[in-house]
Every structure is written in C-alpha cells, then in structure tokens.
Amino acid sequence: MMISKSRNPAEHPAAGRTPDARSHHHFRGSLGRFATGVAIVTFDGATKRHGITVNSFTSVSMEPPLVLVSIARSSKAHDELAGRPFTVNILGAEQRQLAMLFAGRPGPDPVWVEGRMAPRLSGVLAYFECRPWAAYDGGDHTLYVGEVADFDYRSGDALAFANGSFTTLPESQLGMEDLL
Ligand SMILES: Cc1cc2nc3c(=O)[nH]c(=O)nc-3n(C[C@H](O)[C@H](O)[C@H](O)COP(=O)(O)O)c2cc1C
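Residues numbered from 1 in each chain as written. Predicted model: local features only at pLDDT ≥ 70, side-chain atom pairs only at ≥ 80, totals over all residues.

### Observations regarding the site of the ligand
Selection rule: By definition, a residue lies near a molecule or strand when the C-beta atom built from its backbone is within 6 Å of it. Note on residue categories: nonpolar means Ala, Val, Leu, Ile, Met, Phe, Trp, Tyr, Cys or Pro, charged means Asp, Glu, Lys or Arg, and polar means any other residue, Gly included.
Taken together, 16 residues lie near the ligand, and V54, S56, A72, S75 and K76 sit nearest. The residue inventory of the shell around the ligand, partitioned by class, reads nine nonpolar, six polar and one charged.

This is the structure in structure tokens:
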C-alpha cells in the first residue's frame, strides 16, 4: 500500500478530507509487525514531573553517544520536553504495569530515583540519562535526540511489544556484546 510522504501534515494531499480509516488502520497494523522493546521517557518539566511510555526509542550514534525518541505532539509531555534533560528507562519483563501507568492507565505510584541529569525509575532493565541535543520535525511527532551522559543495565528478561501486545524477551537472547 502506498502512503504519500510529506514533512508537514497540513501539506499532505489528503489534508482537509475525511481520513481514510482503513488505510490508517492498515498502516498501524503494518508498523506493529516491527517488534520493539518498551521504554519510559522521564523528565522534570517546568511545574511537574513527566513520564511517557514509548516504543520509538532508537540508538543513533556511538561518538558522540546519541539516542532518540519520537514524541506525539498531542501528548502532555511534548512541549515541556523541548530543551530539557531526560532519561530513557528501558523496561524489564515484569514492568508491564509501569508501561501502562505511563500510557495513561491507573496504577500504583512508581518509585523514582534522582539521576544526575534527570529523574529515572527504580528497577528498570537499563537507563540512559540524556542532555538535550536536537529536536527534529517528525510530522505529528517530534524526534527528540539526546546525548547520553550516564547509563547502566542489570540482568533480567526484557519487555517487548509486537502486534499491539506485550511479550517477554528472555535474557538468554541478550548480552551478545560479550561475544564480540
Ligand atoms: C507500548 C506503547 C508504546 C508507545 N509508544 C509511543 C511513542 O513512541 N511515542 C508517543 O508519543 N507515544 C507512545 N505511546 C503512547 C503514549 O504512552 C501515551 O499516548 C501517552 O502516555 C499519553 O500521555 P498524555 O495523556 O499524558 O498525553 C505508546 C504507548 C504504548 C502502550
């Protein structure tokens, strides 16, 4: 299925017309076939602490160490994240409830850790504390790139997301860096 590309949704040829619901659904379903991990971006905004569940985390560069997350313009976190340090918390298999909490579902209060650059969540599988590096237009999202200032990981199974569902990635399939 062809989808025309445009940097600005307002310039899209279909702008202003009734959205093609089937094409939208099919596009989402096609994207969902790409299995990912699950992360929560945490940071202190002007007046409150934010957290947003994402699966758009990507490693970008080794030198300098850069990572990115794609954040919806419609989310509460979007505007406040601009120019602020943030942490990407990579979730372990037992942290589905935390993923849903920061996707807007009710749940128990999280346990916070005060990081060097930004707040982070206790017990996560890995984390990357970032200082803001750049922000790029990504249509109805913004691509926030951070320079990694601190990071660590623990052992354990990873939380994964595919076809709209959470699943577990056993640790036995991780840790291949030791073999390089
Ligand atoms: C598994 C999963 C992955 C998600 N990935 C993203 C993402 O990459 N970017 C994004 O903006 N929202 C993503 N979301 C949706 C946000 O978590 C959700 O819309 C957000 O928490 C809503 O926050 P708000 O109501 O405070 O604006 C994801 C949700 C889930 C459950």
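### As for the sheet that holds strand β1 (residues 36–37)
This is how the line gets drawn: Should DSSP find at least two bridges between two strands, the strands are taken to pair. Helical segments are the DSSP runs of H or I of at least four residues, strand segments are the runs of E of at least two, and each set is numbered from the N terminus.
Spatially, three strands are ordered β1-β11-β12 in an open sheet, and the strand pairing comes out antiparallel. At either end of the open sheet lies a strand with only one pairing partner, and these are β1 and β12 (165–169). Bridge count for strand β11 (residues 158–162) against β12 is five bridges, and the pairing is antiparallel. Counterpart to L159 in the pairing with β12 is T168.

### Here we look at the sheet that holds strand β6 (residues 86–90)
Operational definition: In this analysis, axes come from line fits to C-alpha atoms, helices being fitted only over the stretch in contact, and the angle between any two N-to-C directions falls in the range 0 to 180 degrees.
The sheet built from seven strands is open, its strands ordered β3-β2-β6-β9-β10-β5-β4 with antiparallel pairing. Strand pairing shows two members of the sheet lacking a second neighbour, β3 (49–54) and β4 (58–61), which therefore form its edges. Taking each pair of neighbouring strands and ignoring which way they run, the sheet shows an average axis angle of 35 degrees. Across six bridges, strand β2 (residues 39–44) lies against β3 in antiparallel orientation. Looking at β3, one finds that I40 is bridged to T53.

### Considerations on unusual backbone geometry
Cis geometry is found at the peptide bond from E63 to P64, where omega equals 0 degrees. Here P64 is to be found in the loop between β4 and β5 (66–72).

### Structural notes on the environment of L121
Note the following rule: Remark: C-beta atoms are placed from the backbone, and a residue is labelled buried if 20 or more other C-beta atoms sit within 10 Å of its own, exposed if 12 or fewer do, or partly exposed between those counts. Any residue pair is listed as a contact if its two C-beta atoms, each placed from the backbone, are within 7 Å.
Turning to its location among the elements, L121 is positioned in strand β8 (residues 119–121). L121 gets classed as buried once you count the C-beta atoms within 10 Å, which come to 21. Considered as a pair, L121 and L91 are 30 residues apart in the sequence and their alpha carbons are 9.5 Å apart. Among all residues touching L121, those that are not within four sequence positions of it are I40, T42, N89, L98, P110, W112 and V113.

### As for the nonpolar core
Our working definition: Buried Ala, Val, Leu, Ile, Met, Phe, Trp, Tyr and Cys residues form a nonpolar core when they are connected through C-beta atoms within 7 Å.
With 32 residues, the main nonpolar core has I40, V41, V88 and L91 as its most contacted residues. Not counting chain neighbours up to four residues away, the residues in contact with V88 comprise A39, V41, F57, V67, V69, Y127, F128 and C130.

### Description of the pairing of β6
In terms of residue burial, β6 counts as a mostly covered element, since four of its five residues are buried. Sheet analysis places β2 next to β6, joined by four bridges and oriented antiparallel. When the bridges of β6 are listed, V41 appears paired with V88. Across five bridges, β6 lies against strand β9 (residues 126–138) in antiparallel orientation. Along β9, the bridge assignment pairs N89 with Y127.

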